[in-house]
Amino acid sequence: MYVVIVYDVGVERVNKVRSFLREYMNWVQNSVFEGELTKAEFLKIKSRLKELIQESSDHIIFYSSRDRKYLGIEDLGTPKADTSNII
Amino acid sequence: MREDFYILQDGILKRKENTVYFENKDSRKILPINKINSIFAYGNLSFSSGVVSYLSKEGIPIHFFNYYGFYEGSMYPRETLVSGDLVIRQAENYLNSERRLCLAGKFIEGACGNILKNLRYYARTREDVQEAVGDYATSIETEFSRLKDAETIPSMMRTEGKIRELYYNALDEIFPEEYRIIKRTRRPPENKMNTLISFGNSLVYSTTLSEIYNTQLNPTISYLHEPFERRFSLSLDVSEIFKPILVDRIIFKLINKNMLDDSCFRGEIGNMLLSEKGKKIFLKEYDEKLKTTIKHKGLNRNVSYKSLIRLELYKISKHVLGVEDYKPLVMWW
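Residues numbered from 1 in each chain as written. Chains lettered and ligands numbered in written order. Predicted model: local features only at pLDDT ≥ 70, side-chain atom pairs only at ≥ 80, totals over all residues. Heavy atoms only, no water.

1. Section: the overall build of chain A
The following threshold applies: Helix and strand assignments come from DSSP, with helices taken as H or I runs of at least 4 residues and strands as E runs of at least 2, each series counted from the N terminus. Using a 1.4 Å probe on the protein chains alone, a residue whose accessible area is under 20% of its type maximum counts as buried, one over 50% counts as exposed, and one in between counts as partly exposed. Two residues form a contact once any of their heavy atoms are found within 4.5 Å. The protein chains shown are the only cover counted for residues, whose accessible areas, like all others here, come from Shrake-Rupley with a 1.4 Å probe. Under the counting rule used here, the positive set is Lys and Arg, the negative set is Asp and Glu, and His together with the chain ends is not counted. Lysine's charge is taken at NZ, arginine's at CZ, aspartate's at CG and glutamate's at CD.
Across its full length, chain A carries two helices and four strands. Ordered by position from the N terminus, the helices and strands of chain A form the series β-α-β-β-α-β. Along the first, second and third principal axes, the C-alpha atoms of chain A reach 35 × 30 × 25 Å. Expressed as a percentage of its 87 residues, the buried residues of chain A come to 39%. Contacts spanning at least 24 positions in sequence make up 71% of the contacts within chain A whose residues lie at least 6 apart. Element-wise, carbon and sulfur atoms account for 49% of the exposed surface of chain A, whose accessible area totals about 5500 Å². Across chain A, the 13 positively charged side chains and the 13 negatively charged ones have centroids separated by 4 Å.

Encoded structure:
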């Protein structure tokens, strides 16, 4: 499935969340990751993030879709990161 | 699904924050460790030893290609899927000349079947070359029918060589003058078509090797090619089947859609090589091709071209274990 993760967490934890998500997904812009995940990976990510954040003050949203093509993705301006696999 | 990463730029690959970073003076790119299937390194790449051990721990092979785009070698991580039983059976199939010939013949059968599929397509769709291509297809069939009389591996290889030659002659009929093969030349290739074929074949070879890593087969015991010849020769055997399906079809698309121009090639001391731009176009098509899915009749679900390679390897394991006779893949679509 294709997942977009948007997070808003305390400054002390922001690095931890970012570096953990980098192992699985592509960084798109500040506090946003997206990528193709298996169900198992998605569960793993959710449970690990639960440990990392402070649930009373932080907030993370997961937008998931069966396939990237079902998300009508549009953008404006200059993208911050290049997610292609040909470097 | 895990992806292949193709690195054309020069730079350094390092382990940082438990994942892989590619860095050079103008850019930084982060490869998510859990999303890497294998890495194809075309540029001048430096590695920290941290990243090498991390990638081998995760079972990710890196394939190296030199400045000219030729295959150099692979960082093949420690085998984790080992099966003594299968290795012994693989060797047994090699040592028994009858069984070796049987398997070697199957690889040629697959390659030949797919070559014919490609030619038939042109015989069907292009009226101007219909007759000539049809004639070549018939000669290939006659040549192939001789295969069953072959008693030695060299004579089988000769048949295979003849089939390829006829195939290339047929392609010369189809494509514009600029893309004539005339004669297959390698290391270095002498014209555009040879360049494209060589570049594509080395990609298929590496992809197959990556797939073999995910099975219990031993990549050094092969049947059509001699195992002690060089490199991981089992992957050369299996690639034979997939070259017409992957490489040739990509080349047809590139030529028919006019996606290449002179700036995609660079000439160097009497030979032809793909330029940076050419490599990029080719790699993009190749990556898309591997991800393309088709409905598999037996499995009744969609499988990608890349998983077809894996399925082929499973069929070979079954054959050497004596579970089920191997039937090579011939495109049914």
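Having seen it, we continue.
2. Brief notes about the packing of aromatic side chains
Residue and element names in this part refer to chain B. Counted only if it meets this: Planes of paired rings set the category: under 30 degrees apart is stacked, over 60 is edge-to-face and the rest tilted, where pairs are Phe, Tyr or Trp rings (Trp by its six-membered ring) whose centres lie within 6.5 Å.
In total, this model carries 19 aromatic pairs over all chains according to the counting rule given. Plain terms: the ring middles of Tyr-6 and Phe-40 are 4.9 Å apart, the flat faces sit at 25 degrees to each other, and that makes the pair stacked. Residue Tyr-6 is located in strand E1 (residues 3-7), and its partner Phe-40 is located in strand E5 (residues 36-41); the two are separated by 34 residues in the primary sequence. Note on Tyr-6: relative accessible area 0%, which makes it buried.

3. Examining the interface of chain B and chain A
Defined as follows: Summed over both partners, buried area is the accessible surface (1.4 Å probe) that two parts give up on being assembled. The term salt bridge refers to a pairing of a side-chain nitrogen on Lys or Arg with a carboxyl oxygen on Asp or Glu at a separation within 4 Å. Gly is put with the polar residues, along with every residue not named as nonpolar or charged; the nonpolar set is Ala, Val, Leu, Ile, Met, Phe, Trp, Tyr, Cys and Pro, and the charged set is Asp, Glu, Lys and Arg.
Listed by partner, the interface residues are 26 residues for chain B and 17 residues for chain A. In total, about 1700 Å² of surface goes out of reach between chain B and chain A, with carbon and sulfur atoms giving 50% of it. Linking chain B to chain A there are two salt bridges. Across the salt bridge formed by Glu-41 of chain A and Lys-35 of chain B, the nearest N and O atoms sit 2.9 Å from each other. Elements with a contribution of two residues or more to the side of chain B that touches chain A: E1, strand E3 (19-23), strand E4 (28-31) and helix H8 (276-291) of chain B. Here the side of chain B that touches chain A is built from residues that sort into twelve nonpolar, four polar and ten charged.

4. Here we look at the packing of helix H6 (residues 192-213) of chain B against H8 of chain B
All names here are of chain B. The criterion, for reference: Between the N-to-C directions of two axes lies an angle of 0 to 180 degrees, each axis being a line fitted to C-alpha atoms and, for a helix, fitted only over the stretch in contact. Any angle that falls under 35 degrees is termed roughly parallel, while one over 145 is termed roughly antiparallel, one within 65 to 115 roughly perpendicular, and all others oblique. Each crossing is labelled by how the near helix is turned from the far one, with a counterclockwise turn of less than a right angle marking it left-handed and a clockwise turn marking it right-handed.
Remark: H6 packs on H8, axes separated minimally by 11 Å, with the N-to-C direction vectors making an angle of 45 degrees. Regarding the angle of H6 to H8, the classification is oblique. The handedness of the crossing between H6 and H8 is right-handed. Contacts between H6 and H8 involve Leu-196, Phe-199, Gly-200, Leu-203, Val-204 and Thr-207 on the former and, on the latter, Lys-279, Phe-282, Leu-283, Tyr-286 and Leu-290.

5. Quick notes on the sheet that holds strand E2 (residues 26-29) of chain A
Residue and element names in this part refer to chain A. Cut-off, in case you're wondering: Two strands are said to pair when DSSP picks up at least two bridges between them.
With respect to topology, four strands assemble into an open sheet ordered E2-E3-E1-E4, the strand pairing being antiparallel. Lying at the two open borders of the sheet, with one neighbouring strand each, are E2 and strand E4 (59-65). Here the strands of the sheet are splayed against their neighbours by 25 degrees on average, with no regard to which way each runs. As paired strands, strand E1 (residues 2-8) and strand E3 (residues 32-36) are joined by five bridges and run antiparallel to one another. Residue pairing for E3: Tyr-2 is matched across the bridge by Glu-36.

6. Some remarks on the UniProt feature "binding site: Mg(2+)" in chain A
Rule in force here: UniProt positions are given in the numbering used here, feature names are shortened, and annotations may be inferred rather than shown by experiment.
Under the local residue numbering, the UniProt record ascribes the feature "binding site: Mg(2+)" to Asp-8 of chain A. When sequence neighbours within four positions are dropped, the list of residues in contact with Asp-8 of chain A reads Asp-58 and His-59 of chain A.

7. Side note on the sheet that holds E5 of chain B
Residues and elements named next belong to chain B. Read across the open sheet, the four strands follow the order E1-E5-E7-E8; overall the sheet is mixed. Among the strands making up the open sheet, the edge pair consists of E1 and strand E8 (71-75). Here the strands of the sheet are splayed against their neighbours by 20 degrees on average, with no regard to which way each runs. Pairing geometry for E1 and E5, over five bridges, is parallel. Bridge pairing in E5 places Ile-7 opposite Ala-41.

8. Some thoughts on the pairing of E4 of chain B
All names here are of chain B. Relative to E4, E3 runs antiparallel, the two being bridged by four bridges. Across the sheet, Glu-23 pairs through a bridge with Arg-28, a residue of E4. Counted between consecutive antiparallel strands, the loop separating E3 from E4 contains four residues.

9. Remarks on H8 of chain B
Formally: One less than the residue count of a helix, multiplied by 1.5 Å, gives the span that helix is expected to have.
For H8 of chain B, spanning 16 residues, the distance from its first C-alpha to its last is 23 Å, which sits close to the expected 22 Å at 1.5 Å a residue. What H8 of chain B keeps buried is the set Gly-278, Lys-279, Phe-282, Leu-283, Glu-285, Tyr-286, Asp-287, Lys-289 and Leu-290 of chain B.

10. So, the pattern of salt bridges
Residues and elements named next belong to chain B. With the rule as written, the count across this model stands at 23 salt bridges over all chains. Two residues, Asp-287 and Lys-291, come together in a salt bridge whose shortest N-O distance is 3.0 Å. Residue Asp-287 and its partner Lys-291 are both found in helix H8; the two are separated by four residues, about one turn of the helix. A relative accessible area of 7% means that Asp-287 is categorised as buried. Here the salt bridges share partners, and the residues they tie into one network are Glu-160, Arg-164, Glu-240 and Lys-243.

11. Some words on the nonpolar core
All names here are of chain B. Convention followed: Only buried residues count toward a nonpolar core, which is a set of Ala, Val, Leu, Ile, Met, Phe, Trp, Tyr and Cys residues joined through side-chain atoms within 4.5 Å. Each domain's extent is set by a domain assignment, obtained either automatically or from a database.
Leu-119, Ile-140, Leu-171, Phe-175, Leu-203, Phe-242 and Phe-282 are the most contacted members of the largest nonpolar core, which totals 85 residues. Every element with two or more residues in this core is listed here: helix H2 (84-95), helix H3 (97-125), helix H4 (130-145), helix H5 (153-174), H6, helix H7 (233-256), H8 and helix H9 (305-321). Among the elements that take part in this core, H7 stands out by supplying 13 residues, more than any other. Counting contributing residues per domain, this core is built from domain 1 (3-75) and domain 2 (84-321), each supplying no fewer than three. For Leu-171, the contacting residues outside a window of four places in its chain are Leu-119, Ile-181 and Phe-252. Within the second largest apolar cluster, 18 residues are counted, among which are Ile-36, Ile-39, Val-51 and Tyr-54.

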